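Spelled out, the chains give:
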Amino acid sequence: MDVSDVITRGKVTIREQPLLAIAVLATALLALDLLARLAGIEVPLAGGRTFGGELSMGRFSGLVWNGIIVGLIFGLAGIGLSMTYSILNFANFSHGDLVTTGAFTGWGAALLVAGWGIGDIGHLLLVRPGSGASPNEIGASIVQAPLSILIGVIIAALATVVVAVIIDRIVYKPMRDRGGIPLLIASIGAALALRYILQFVYGGRNRGVTSTQDVNTEIAGFSVNMHELTLVIVAISLMLAMHFMLQRTKLGKAMRAMADNKDLALVTGIPTERVVTATWVLGGALAGVAGYLYVLERGTIEFNIGWFLLLFIFAAVILGGIGSIYGAIAGGFVIGFVHEVSLIWIPSDFNAAAAFLIMILVLLYRPQGIFGGVTTA
Amino acid sequence: MSTDEPESASDATLEESLKAETDPLAAVPDESILQVRNLDAGYGDLQILTDVMLDVGEGEYVTIVGPNGAGKSTLMKSVFGLTAHMGGTIEFQREPIQELPPEEIIHKGISYVPQNENIFGTLTVRENLEMGAYILDEVPEAQIEAVFERFPVLRERQDQKAGTMSGGQRQMVAMGRALMLDPDLLLLDEPSAGLAPDLVQEMFDRIDDINADGTAVLMVEQNAKTALRRCDRGYVLAQGENSYTDTGDRLLADDEVRQQFLGG
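Residues numbered from 1 in each chain as written. Chains lettered and ligands numbered in written order. Predicted model: local features only at pLDDT ≥ 70, side-chain atom pairs only at ≥ 80, totals over all residues. Heavy atoms only, no water.

## Things to note about the overall build of chain A
Right, on to step 1. For chain A, the count of helices and strands is 15 helices and six strands.
Right, on to step 2. Projected onto its principal axes, the C-alpha coordinates of chain A cover approximately 70 × 60 × 35 Å.
Right, on to step 3. Taking all contacts inside chain A whose residues are at least 6 apart in sequence as the whole, residues at least 24 apart take part in 72%.
Right, on to step 4. Treating the 22 positive side-chain charges of chain A as one cloud and the 21 negative ones as another, the clouds have centres 10 Å apart. (Helix = DSSP H or I, 4+ residues; strand = E, 2+ residues; numbered from the N terminus. Contact = heavy atoms within 4.5 Å. Lys, Arg positive; Asp, Glu negative; His and termini not counted. Charge placed at Lys NZ, Arg CZ, Asp CG, Glu CD.)

## Things to note about the overall build of chain B
Right, on to step 1. Looking only at helices and strands, one finds 11 helices and 10 strands in chain B.
Right, on to step 2. Classification of the 264 residues of chain B by burial places 49% in the buried group.
Right, on to step 3. Only carbon and sulfur atoms are counted for the fraction: they give 45% of the accessible area of chain B, which is about 12200 Å². (Buried < 20%, exposed > 50% of the residue type's maximum accessible area, 1.4 Å probe, protein only. Areas by Shrake-Rupley, 256 points an atom, 1.4 Å probe, with all protein chains shown as cover.)

## Quick notes on the packing of aromatic side chains
Right, on to step 1. Summed over the entire model, instances satisfying the criterion amount to 10 aromatic pairs over all chains.
Right, on to step 2. Ring centres 4.5 Å apart and planes at 25° place the aromatic pair Phe104(A) and Tyr202(A) in the stacked group. Of this pair, Phe104(A) sits in helix α4 (residues 95–114) while Tyr202(A) sits in helix α8 (residues 180–202), placing them 98 residues apart in sequence. Neither residue differs from the other here; Phe104(A) and Tyr202(A) are each classed as buried.
Right, on to step 3. Pairwise contacts between aromatic rings join Phe74(A), Phe312(A) and Phe356(A) into one cluster.
Right, on to step 4. Between the NZ or CZ atom of Arg195(A) and the centre of the ring of Trp307(A), over which it lies, the distance is 4.1 Å.
Right, on to step 5. Lys250(A) extends its terminal NZ or CZ atom over the ring of Tyr134(B), reaching a point 4.7 Å from the ring centre. (Phe/Tyr/Trp six-rings, centres within 6.5 Å; stacked < 30°, edge-to-face > 60°. Lys NZ or Arg CZ within 6 Å of the ring centre and 35° of its normal.)

## Let's talk about the interface of chain B and chain A
Right, on to step 1. Chain B puts 23 residues into the contact, and the matching count from chain A is 17 residues.
Right, on to step 2. Summing both sides of the interface, chain B and chain A together bury roughly 1900 Å²; the carbon and sulfur share of this comes to 60%.
Right, on to step 3. Three residues, Phe120(B), Thr122(B) and Tyr134(B), lead the burial of chain B against chain A; their summed loss comes to 34% of the area buried on that side.
Right, on to step 4. In this structure, the connection of chain B to chain A is made through two salt bridges.
Right, on to step 5. Notably, a salt bridge pairs Lys253(A) with Glu130(B), separated by 2.6 Å at the nearest N-O pair. (Buried area = accessible area lost by both parts, 1.4 Å probe. Salt bridge = Lys/Arg side-chain N within 4 Å of Asp/Glu carboxyl O.)

## Details of the pairing of strand β1 (residues 32–43) of chain B
Side-chain direction in a regular strand flips from residue to residue, so the side chains alternate between the two faces of the sheet.
Residue and element names in this part refer to chain B.
Right, on to step 1. Summarising the sheet, β1 and strand β2 (residues 46–57) pair through eight bridges and their orientation is antiparallel. Among the inter-strand pairings, serine 32 is bridged to a residue of β2, identified as glycine 57.
Right, on to step 2. Where β1 hands over to β2, the hairpin turn is made up of two residues, of which glycine 44 adopts a positive phi near 60°.
Right, on to step 3. Sheet topology places β1 next to strand β4 (residues 84–92); seven bridges connect them, and they run antiparallel. Bridging from a neighbouring strand, arginine 37 pairs with threonine 89 of β4. (Pairing = 2+ DSSP bridges.)

## What to know about the pattern of salt bridges
Pairs can form between side chains of opposite charge once their charged atoms are near each other.
All names here are of chain A.
Right, on to step 1. Evaluation of the coordinates by the stated rule reveals 18 salt bridges over all chains.
Right, on to step 2. For arginine 37, the salt bridge is made with aspartate 33, and the minimal N-O distance between the two is 2.5 Å. Of this pair, arginine 37 and aspartate 33 are both found in helix α2 (residues 18–39), four residues apart, which corresponds to roughly one turn of the helix. Taken as a pair, arginine 37 and aspartate 33 share a single burial class, namely buried.
Right, on to step 3. When salt bridges with common partners are traced through the structure, they connect Asp168, Arg169, Arg176 and Glu273 into a single cluster.

## What to know about a nonpolar patch on the surface
Residues and elements named next belong to chain A.
Right, on to step 1. Taken together, Leu19, Ile22, Ile360, Leu364 and Tyr365 make up a surface patch of nonpolar side chains, about 460 Å² in accessible area.
Right, on to step 2. Listing elements by their share of the nonpolar patch, those giving two or more residues are α2 and α15 (351–365).
Right, on to step 3. Broken down by element, the residue count for the nonpolar patch peaks at three residues, all from α15.
Right, on to step 4. On the accessibility criterion, tyrosine 365 (34% relative accessible area) is partly exposed. (Patch = residues over 30% accessible without salt bridge, like charges linked within 9 Å, V, L, I, M, F, W, Y side chains within 5 Å.)

## Quick word on the sheet that holds strand β5 (residues 95–96) of chain B
Strand pairing in a sheet relies on backbone hydrogen bonds. The paired strands run either parallel or antiparallel.
All names here are of chain B.
Right, on to step 1. Strands sit in the order β2-β1-β4-β5 across an open sheet of four strands; the sheet is antiparallel. Each edge of the open sheet is held by one strand with a lone partner, namely β2 and β5.
Right, on to step 2. Here two bridges tie β4 to β5, and the two strands are oriented antiparallel to one another. Each bridged residue has a counterpart across the sheet, and for phenylalanine 92 the counterpart in β5 is glutamate 95.
Right, on to step 3. Contacting β1, β2 and β4, helix α2 (residues 72–79) runs over the sheet at an angle of about 115° to β1. (Axes fitted to C-alpha atoms, helices over the stretch in contact; angles between N-to-C directions.)

## Observations concerning the domain arrangement of chain A
Often, the extent of an interface is quoted as the loss of accessible area upon association of its parts.
All names here are of chain A.
Right, on to step 1. Splitting chain A by domain gives domain 1 (1–55) and domain 2 (67–365).
Right, on to step 2. One C-alpha centre belongs to domain 1, the other to domain 2, and the line joining them spans 37 Å.
Right, on to step 3. Taken together, the two surfaces of domain 1 and domain 2 that pack against each other cover about 640 Å², and 77% of this comes from carbon and sulfur.
Right, on to step 4. Sorting the residues of domain 1 by area buried against domain 2 places Leu19, Leu30 and Arg37 first, and these three jointly supply 50% of that buried surface.
Right, on to step 5. The interface formed by domain 1 and domain 2 holds zero salt bridges in total. (Domains from an automatic or database assignment.)

## Notes on the side chain of Asp189(B)
All names here are of chain B.
Right, on to step 1. Relative to the assigned elements, aspartate 189 resides in strand β7 (residues 185–189).
Right, on to step 2. For the buried aspartate 189, no salt bridge is present, and the opposite-charge side chain at shortest range is lysine 77, 5.2 Å distant.
Right, on to step 3. Engagement of the side chain of aspartate 189 in a polar contact is seen with the side chain of serine 73, the distance being 3.0 Å.
Right, on to step 4. Those residues in contact with aspartate 189 that lie beyond four places of it in its chain are Ser73, Met76, Tyr112, Val113, Pro114, Gln115 and Val220. (Polar contact = N/O pair within 3.5 Å; in protein donor to acceptor, adjacent residues only side chain to side chain.)

## As for the packing of helix α3 (residues 57–88) of chain A against helix α14 (residues 325–341) of chain A
Residue and element names in this part refer to chain A.
Right, on to step 1. Following both chains from N to C, one finds α3 and α14 inclined at 145°, their axes separated by 6 Å at the closest point. Here the hand of the crossing between α3 and α14 comes out right-handed.
Right, on to step 2. Grouping the constituent residues of the contact of α3 with α14 by class yields 16 nonpolar, eight polar and one charged. (Left-handed = near helix turned anticlockwise from the far one by under 90°. Nonpolar A, V, L, I, M, F, W, Y, C, P; charged D, E, K, R; others polar.)

## Thoughts on the nonpolar core
Right, on to step 1. Grouped together as the largest cluster of nonpolar side chains are 131 residues, with contacts concentrated most on Trp107(A), Leu293(A), Leu34(B), Leu185(B) and Leu218(B).
Right, on to step 2. Of the residues forming this core, the biggest block, 13 residues, is contributed by helix α12 (residues 272–298) of chain A.
Right, on to step 3. Setting aside residues no more than four positions away along its own chain, Trp107(A) makes contact with Gly102(A), Val127(A), Ala140(A), Ile149(A), Val209(A), Thr210(A), Tyr292(A), Val295(A), Leu296(A) and Ile301(A).
Right, on to step 4. Judged by nonpolar contacts, the second largest core, of 41 residues, contains Ala133(B), Val217(B), Cys231(B) and Val257(B). (Core = buried A, V, L, I, M, F, W, Y, C linked by side-chain atoms within 4.5 Å.)

If you want it as structure tokens, here you go:
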């Protein structure tokens, strides 16, 4: 190809898709700036701003690692949201509060096991609603009480499944055929009800949960936070398990079939109500575990953590292509990565905006999302 | 209702004596596996079918023809439990099925191929066939093999996503899925819809083969002339009521049928 050809094509791109051209230019500038920062080059610009600056490799890799952690949380929670969207045809706004449900129930169980005999049972089961034994006294960490952490994962999944299925039976099942909008509105109601029930039961205090003693260790020369490592292992295992379930098992294939074409699933003899229940069971379990792992990583719990996560989960799912679990995972990584790595350039009050900006930019050029059109439940 | 019965019965005898040659049930086989009697059905509160009678004999090939909006597809969906039942009976192998949902009707030995969106496009060809046998505990490998024998191209493309295939191949996937339970009665809603003209005859050949192997076929078809030429017997449906039934050839020869429903 000729140089003039390249220039002509570039001109056409700028004229026809100015936003794309700006995005490409901005990405190139940020990449250069990042390289300059990593190399320690600083070029003063006007108004005290600089091009390049100081950024240690350690801080950079730390941000990327955080991006992966956050992305896994978004992706894991997003799988359930994406499945309920494709199989039940509505955007479930109570999904964030299912995440919170898993966090509280799971940590209640984990603290109870880890702190057995140390604190008052009510204090442990309600995840430290008031004063009492401190997190370090209870010792709920993967290092001090690995079994309690694993029991917590299981209880988080089971309890969230129970709550999700009950909400489906009471609220969504009677209005199954009413279409997406009434169900969406109903789910906002369910979200508020669930959130304030959780606040009523567990209290509104933001409190620490995990013990942080000896959680940071060195593995092969790298400093590793064992809680983050646990999160990564559990989340990736569950994602792989979901993949195999959907691709290999009869139930998984039926779920994909129903996501693909509900009417045909019905005339094919697939028991659609049972598939719907399975969707809530799997989606609820993953949401609950995502909430539990989120608290494992951040160390504190509050009744509205899931609600604040919900927008990011939606962003991840929409970015990835709603209806696809692979899209939810990919979208989670993109949103999580941008959310964390953008901290290099902008203060932490604005990084959420950066994540949503990327979502909008991707959707402008790929409205169906990254994995859109290849719905695989 | 009971007070009306003697009257309508005498009406029937009157009609019978008036046009003995076009007795609506003249060509019906003695042993029918599907018996639809005085069926009223529709969607929601909207009644579309009125007093419809229909029979399909064992291994018989029956076509329903009629103008657009006559209720042909509705009749077929009613047999499969997809409409609101408002009156009359549907018996399959002497059991009433008019109140059953589709997933139970499948268990009785009826399979249905809808007109549109009749495949799972994001599933592979093989997975589509597996879904056809969902109600069985095990994937029936022998039956998958039988479908591959019937449609060899599906064997070659078994791992391909069904949505990426051509119209004719999709129709094969749809029929293959419906044949997975080796049904006694196969319901086909416009199997030639959307197919290129040269594929239409091929599709009808396939249906002949399926029927020749002992599966009774009840089909709705736009391509009325071809369908009537091939089938054992046809029904003419108009405005939600059936007017005649006779062998396909005789319906084709009938001037009134030709002028009204087959475009001369």
